[in-house]
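Structural features, examined
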Amino acid sequence: MTSKDFKVAIVGGGVCGLTCAVALARSGVSVELFEAAPKFEEIGAGIGVGPNAARVLRDIGVLDEVLAKAGESQLNQRTFRFISGLEGHEVLFEYPGRPDDSGLGIHRASFLEALVGLLDPSIAHFHKRCTTVNVSPENPARYILHFTDGTTHETDVVLGADGIKSAVRAAVTSEPPGSRVAFSNTVAYRGLVPWKTLQEAGVKTDLTRRPVSFVGPDKHLILFPIKNDEVINIVAFVADHHIPIGSANLAPGAPWVSEVSQEELQKAYEGWGPDVVNILKCIEKPSKWSIHVVYPLLETYTKGRIALLGDAAHGMLPHLGAGAGQGLEDAWALARLLSHPQTNASNIESVLESYNRIRLPRSQMVWKGSERAGEIYDGCGKHGLSAEGIQTDGDGQWSPVWHHDMNDDMQTALQWLKDTGVFS
Ligand SMILES: Cc1cc2nc3c(=O)[nH]c(=O)nc-3n(C[C@H](O)[C@H](O)[C@H](O)COP(=O)(O)OP(=O)(O)OC[C@H]3O[C@@H](n4cnc5c(N)ncnc54)[C@H](O)[C@@H]3O)c2cc1C
């Protein structure tokens, strides 16, 4: 039952759009979701949910379902161990954790499934690829979404959760579609391999319970367990940190994801230590991802009654495992602000501006931290790849991401709305 005099349309049903839809619907805001694909789906890979993102999921009331789909009774994931990727595999740094620094490693499809199960199916519309968002010619307070199938949808508020290639972003920036997306000069080889297979292949490093990063010159691997330690999520990065982001973009239309041969993968990591070589050999069908980011960073996430969230707003490098987490924080903040008792059709623009004021600086701080983390793991940090260097550069890097209290930001947003006379 809606308690508001406005309607919201979310474009994009990935983890961020879905979480936002569930959170809004639960707080009594009328919401409809438009997804380009024929159904909700995620790629076959794992995702790490940090402690901050887990708090948001708990607050929205969906954490138990997510844990249940992960097959876990509680948050299971601890802090990273950094190990040399080269011969000898010396442990370089154990990131110190607080007792509450617990997150979750989960298969992406299970994560999505948990959220889908909480959504009223009647509000989800598929095969709806949004092309443009225009102000309604009949009512300048409303927007028309245009879809590739020729249909349209009229609404009061538009939330763009349509990922890194966002179509809604152009309506916020007033720039041509495709602007603000750049190749990060980083590729990622991805795979999922049963832990048993890795052990049988002779991998000695324990990859269960605790995430591991094998670090080395210009490359690193991130590994963490999912499905109760039965499967290991593997991402192997190769980067060129000397090329500025955005100066070596892929040719227009070139695919961002492709299947690659084992030979390519082995060649990329030639000369690395035995555990790394053995881990990579076990990936049956490796895929290669050219990682793109939002760049240059946006000056604003909102325009009028349109707001961006998730990768559409701040697609970032994945080196802190925090991109989706930032989108979940966006979803939480939007739901809290739009469902606030004093929010109504006449003040939404200011309410979205308060969202922008708290979310833009925080998510862009994490964007920059993620870039820095990649440099550290690849030996381009200030103090290099020694144990001391990694510790000096990496110690505390997750603290601003994990230990930040979103309720403080909410107070800041509400205070600004009061100070400007929007809320009493
Ligand atoms: C290698 C790698 C590892 C990562 N690991 C982590 C991690 O461990 N932890 C973490 O927090 N983050 C991680 N991330 C980042 C995370 O994957 C993203 O931040 C997150 O998936 C973004 O979610 P989203 O919902 O904003 O966008 P998406 O997941 O891209 O979803 C967008 C949705 O919108 C739909 N869509 C697109 N265009 C349109 C349109 N025009 N109209 C309608 N629908 C549309 C798409 O079909 C899709 O369903 C990683 C990223 C990479 C590349």
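- For the protein chain, the name recorded in an unreviewed UniProt entry is FAD/NAD(P)-binding domain-containing protein, with Obba rivulosa as its organism.

Here we look at the UniProt feature "domain: FAD-binding" (unreviewed entry) in the protein chain
- Mapped onto this numbering, the UniProt entry gives "domain: FAD-binding" (unreviewed entry) at residues 6–367.
- For the annotated span residues 6–367, helix accounts for 29% and strand for 27% of the residues, and the straight-line distance between the end C-alpha atoms is 32 Å.

Details of the domain arrangement of the protein chain
- What the domain assignment lists for the protein chain is domain 1 (7–81 + 109–180 + 295–419) and domain 2 (181–294).
- Placing the centre of domain 1 and that of domain 2 at their C-alpha centroids yields a distance of 25 Å.
- Across the boundary between the two partners, domain 1 contributes 44 residues, which contact 36 residues of domain 2.
- Taken together, both faces of the contact between domain 1 and domain 2 bury some 3200 Å²; the carbon and sulfur share is 61%.
- Among the residues of domain 1 in contact with domain 2, Phe-80, Arg-81 and Asp-378 are the three that bury the most area, contributing 22% of the side total.
- At the boundary of domain 1 and domain 2, one finds zero salt bridges.
- Our count for the domain 1 to domain 2 interface comes out at 17 residue pairs in polar contact (both at pLDDT 80 or more).
- Contributing elements (two or more residues each) for the side of domain 1 that touches domain 2: strand 3 (46–49), helix 9 (311–314) and helix 11 (348–377).

Side note on the sheet that holds strand 1 (residues 7–11)
- Read across the open sheet, the six strands follow the order 7-2-1-11-19-18; overall the sheet is mixed. Each edge of the open sheet carries a strand with a single partner, namely strand 7 (124–125) and strand 18 (302–303).
- Where strand 2 (residues 30–34) meets strand 7, two bridges bridge the pair, whose relative direction is parallel. Bridge assignment links Leu-33 to a residue of strand 7, and that residue is Ala-124.

Quick notes on the rules
- Residues numbered from 1 in each chain as written.
- Predicted model: local features only at pLDDT ≥ 70, side-chain atom pairs only at ≥ 80, totals over all residues.
- Heavy atoms only, no water.
- UniProt positions renumbered as here; feature names shortened; annotations may be inferred.
- Helix = DSSP H or I, 4+ residues; strand = E, 2+ residues; numbered from the N terminus.
- Domains from an automatic or database assignment.
- Contact = heavy atoms within 4.5 Å.
- Buried area = accessible area lost by both parts, 1.4 Å probe.
- Salt bridge = Lys/Arg side-chain N within 4 Å of Asp/Glu carboxyl O.
- Polar contact = N/O pair within 3.5 Å; in protein donor to acceptor, adjacent residues only side chain to side chain.
- Pairing = 2+ DSSP bridges.

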